[in-house]
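Remarks on the overall topology
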Amino acid sequence: ENINDFVLAADTVVELEGKIFGKPKNREEAITFLKILSGKTHKVITAYVLKNISKNVVIKDVVVSKVKFFDLDDETINWYLDTNEPFDKAGAYGIQGQGRALVEKIEGDYFAIMGFPISNFLKNLRKNGYKISQIDRI
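The structure contained in this document is the topic of the report that follows. (Residues numbered from 1 in each chain as written. Predicted model: local features only at pLDDT ≥ 70, side-chain atom pairs only at ≥ 80, totals over all residues. Heavy atoms only, no water.)

Taken together, the 5 strands give an open sheet; going across it, the order is β2-β1-β3-β4-β5, and neighbouring strands pair in antiparallel fashion. A single partner strand is all that each edge strand has here, and the edge strands are β2 (19–21) and β5 (103–107). Strand after strand, the sheet turns through a mean of 30° between neighbouring axes, direction not considered. Strand direction decides the pairing type here: strand β4 (residues 57–69) and β5, joined by 4 bridges, are antiparallel. Looking across to β5, one finds that K68 is bridged to K105. (Pairing = 2+ DSSP bridges. Helix = DSSP H or I, 4+ residues; strand = E, 2+ residues; numbered from the N terminus. Axes fitted to C-alpha atoms, helices over the stretch in contact; angles between N-to-C directions.)

Put into structure tokens, the structure is as follows:
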């Protein structure tokens, strides 16, 4: 690593009633997650930080969106788990894939729910003096 490099890190978690849902460890945990989230509105929290040591740049933010699930029956949950999609996703679902079938409604930034809040990130870059045309040089 070079101190002149920009480093971008981001992560997403799902939260409901004070409980954090990361990536499920196995099928049983994924079933538990989806049953708990079924029929409810949960928060999807994505945080990121962009850092460059030599330029003394630190840009960080947290974006919170809301997702409401349909009431999920066992057949739907098992169908979804059989896609193998939920096992590397916070909350055991990916809205950008087959998991969209679980979602009744969203409030907020679709891309943040998907994993990276690009519009918020670009807004923060602009606030810090960067232009969109410079992004490929960052």
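Next comes the rest of the account.
Turning to helix α2 (residues 74–82), its buried residues are I77, Y80 and L81. Mapping the buried residues of α2 onto a view down its axis gives an arc of 100°, with all of them on the same face. Exposed and oriented more than 90 degrees from the buried face of α2 are E75 and D82. Looking at the packing, one finds that the buried side of α2 touches α1 (27–37). Positive phi shows up at N84, right after α2, with a value of about 65°. (Buried < 20%, exposed > 50% of the residue type's maximum accessible area, 1.4 Å probe, protein only. Arc of directions from axis to C-beta. Contact = heavy atoms within 4.5 Å.)

Here the distance between the centres and the angle between the planes together describe a pair of aromatic rings. Under the defined criterion, the tally for this structure stands at 8 aromatic pairs. With a centroid separation of 6.2 Å and 85° between ring planes, the pair formed by F6 and Y130 is classed as edge-to-face. Within this pair, whereas F6 is found in the segment before β1 (7–16), its partner Y130 is found in the segment after α4 (118–127), the two being separated by 124 residues in sequence. Ring centres of F21 and F33 lie 5.0 Å apart, and the angle between their planes is 90°; this geometry places the pair in the edge-to-face category. Placement of F21 in strand β2 and of F33 in helix α1 is noted, with a sequence separation of 12 residues between them. Three or more aromatic residues link up through ring pairs in this structure, and these residues are Y48, F116 and F121. The aromatic ring of F21 is capped on one face by K19, whose charged end is 5.0 Å from the ring centroid. (Phe/Tyr/Trp six-rings, centres within 6.5 Å; stacked < 30°, edge-to-face > 60°. Lys NZ or Arg CZ within 6 Å of the ring centre and 35° of its normal.)

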